Amino acid sequence: MFKIVSEPIEIESLKTTLEDAQAGACVTFEGWVRNHNEGKPVQALDYEAYPELAETEGNRILAEARERFALQTIVCVHRTGALQIGDLAVWVAVTAAHRGGAFDGCRYVIDEVKARVPIWKKEHYADGASEWINCATRGAGAEISKKV
Amino acid sequence: MKLQIQYFALLREQRGLSDETLETTAATPTELYEELGAQYAFTLPADRVRAAVNGEFVAADAKLKTGDTVVFIPPVAGG
């Protein structure tokens, strides 16, 4: 299940969807809002998504992970809206019979979500400026995001 | 032809709107993006933006048809 939510992510209730007698491993990833990026102090973030396509593409990524690794259950939830430092922005949970598949599957899901799912992040800096990440059109940021 | 456009993130701010219906002669997403970009001074060049039509990613040179909903996808940054 891949979901975009506008409210805080409730890990405890999501965890109950993972219970599975066949699973011997559960790997989870939490993406948190941190207080700096590329040397600049960050005060807050806004996340925005194109929800219909984000859920289509997100579920496609989960299906790919299921094909590549021997997994039981995969859950990925990404939050949108105004987030503060320390808030949970994204949660991935993968269960599998064995730990190898669970680690690899979790890594695959978060890497692909970051690269492909239509979600955007606007950073608000201590000096009052703000910026949509990866959308710079000059300087090193533009060169890096062009290659992605 | 008549198209629906939805805007997100940087493009929503630069257009000043979340969605609109417009008449265009643009045949492809790239032509449409160039047309809108010239009108509203979009800063991202066309080759940095992906296109989606009716909720699915499409090629930049896909043929648009009347009634389509078009979304331009700036570089993503989830996680």
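Refer to the structure above for everything that follows.
Since the model is a prediction, treat every value here as computed from it, not as a measurement.

Participant: Explain the overall build of chain A here, please?
Facilitator: The helix and strand inventory of chain A stands at four helices and nine strands. Seen in sequence order, chain A has helices and strands lined up from the N terminus as β-α-β-β-β-α-β-β-β-α-β-β-α. Relative to a compact globule of 148 residues, whose C-alpha radius of gyration would be 15 Å, chain A shows 16 Å and is just as compact. Counting only C-alpha atoms and orienting by the principal axes, one finds that chain A spans roughly 50 × 30 × 30 Å. Taking all 148 residues of chain A together, the buried fraction comes to 32%. The contacts of chain A with a sequence gap of at least 6 include a subset with a gap of at least 24, amounting to 76%.

Participant: Is there a simple way to explain the nonpolar core in this structure?
Facilitator: When a protein is soluble and globular, its nonpolar side chains tend to lie buried together. All names here are of chain A. Counting 55 residues, the largest nonpolar core has A65, C76, V92, V94, V109 and I119 as the members making the most contacts within it. At seven residues, strand β7 (residues 88-96) tops the list of elements feeding residues into this core. Setting aside its immediate chain neighbours within four residues, C76 contacts F2, G58, L62, V92, V109 and V113.

Participant: Help me understand the interface of chain A and chain B in this model?
Facilitator: Bring the parts together and some accessible area is lost; that lost area is often taken as the interface size. Each side of the interface is counted separately: chain A has 26 residues, and chain B has 16 residues. The leading source of residues in the side of chain A that touches chain B is helix α3 (residues 99-116) of chain A, at four residues. In terms of residue class, the side of chain A that touches chain B is made up of 14 nonpolar, six polar and six charged.

Participant: Got a minute to help me understand α3 of chain A in this structure?
Facilitator: Because each turn of an α-helix spans 3.6 residues, side chains separated by three or four positions in sequence point in the same direction. Residues and elements named next belong to chain A. Given a rise of 1.5 Å per residue, 18 residues ought to cover 26 Å, and the 26 Å separating the end C-alpha atoms of α3 matches this to within 8%. Three or more residues of α3 are buried, namely G101, A102, G105, C106, Y108, V109, I110 and V113. Contacts from the buried residues of α3 go to β2 (25-32), α2 (51-68), β5 (74-79) and β7.

Participant: How do you make sense of the sheet that holds strand β5 (residues 69-73) of chain B when you look at a structure like this?
Facilitator: In a beta sheet, neighbouring strands pair by backbone hydrogen bonds and run either parallel or antiparallel. Residue and element names in this part refer to chain B. If you walk across this open sheet you meet the five strands as β2-β1-β5-β3-β4, and the pairing is mixed. Two strands lie at the open edges of the sheet, namely β2 (19-23) and β4 (56-58), each paired on one side alone. Looking at each pair of strands side by side, their axes are set apart by 35° on average, direction ignored.

Participant: Honestly, the pairing of strand β4 (residues 40-49) of chain A in this entry has me stumped. Any pointers?
Facilitator: For a regular strand, side-chain orientation follows a simple rule: the groups alternate between the two sheet faces. All names here are of chain A. With two bridges connecting them, strand β3 (residues 36-37) and β4 associate as antiparallel partners. The partner of N37 across the bridge, within β4, is K40. Here β3 hands over to β4 after two residues, with E38 in that stretch at a positive phi of 50°. Here β4 runs beside strand β8 (residues 119-125); their pairing, made up of seven bridges, is antiparallel. Following the sheet pairing, E48 is matched in β8 by W120. Here β4 runs beside strand β6 (residues 81-84); their pairing, made up of four bridges, is antiparallel.

Participant: Got a minute to help me understand the environment of K63 of chain B in this structure?
Facilitator: Residues and elements named next belong to chain B. Locating K63 in the fold gives a position in the loop between β4 and β5. When the 11 C-beta atoms within 10 Å are taken as the criterion, K63 is described as exposed. C-alpha of K63 to C-alpha of A26: the two residues are 37 residues apart in sequence and 9.3 Å apart in space. Ignoring sequence-local partners within four residues, the contact set of K63 consists of A27 and T28.

Participant: When you look at helix α2 (residues 29-40) of chain B in this model, what are you seeing that I'm missing?
Facilitator: All names here are of chain B. Relative to the 16 Å expected for 12 residues at 1.5 Å per residue, α2 spans 16 Å between its end C-alpha atoms, a close match to the ideal helical length. Of all the residues in α2, the buried ones are P29, L32, Y33 and L36. Seen along its axis, α2 keeps its buried residues to an arc of 100°; they face one direction. Where α2 is buried, its residues meet β3 (50-53), β4 and β5.

Calculation notes
- Residues numbered from 1 in each chain as written.
- Chains lettered and ligands numbered in written order.
- Predicted model: local features only at pLDDT ≥ 70, side-chain atom pairs only at ≥ 80, totals over all residues.
- Helix = DSSP H or I, 4+ residues; strand = E, 2+ residues; numbered from the N terminus.
- Rg over C-alpha atoms; globule rule 2.2 N^0.38 Å.
- Buried ≥ 20, exposed ≤ 12 C-beta atoms within 10 Å, placed from the backbone.
- Contact = placed C-beta atoms within 7 Å.
- Core = buried A, V, L, I, M, F, W, Y, C linked by C-beta atoms within 7 Å.
- Nonpolar A, V, L, I, M, F, W, Y, C, P; charged D, E, K, R; others polar.
- Expected span 1.5 Å × (residues − 1).
- Pairing = 2+ DSSP bridges.
- Axes fitted to C-alpha atoms, helices over the stretch in contact; angles between N-to-C directions.
- Arc of directions from axis to C-beta.

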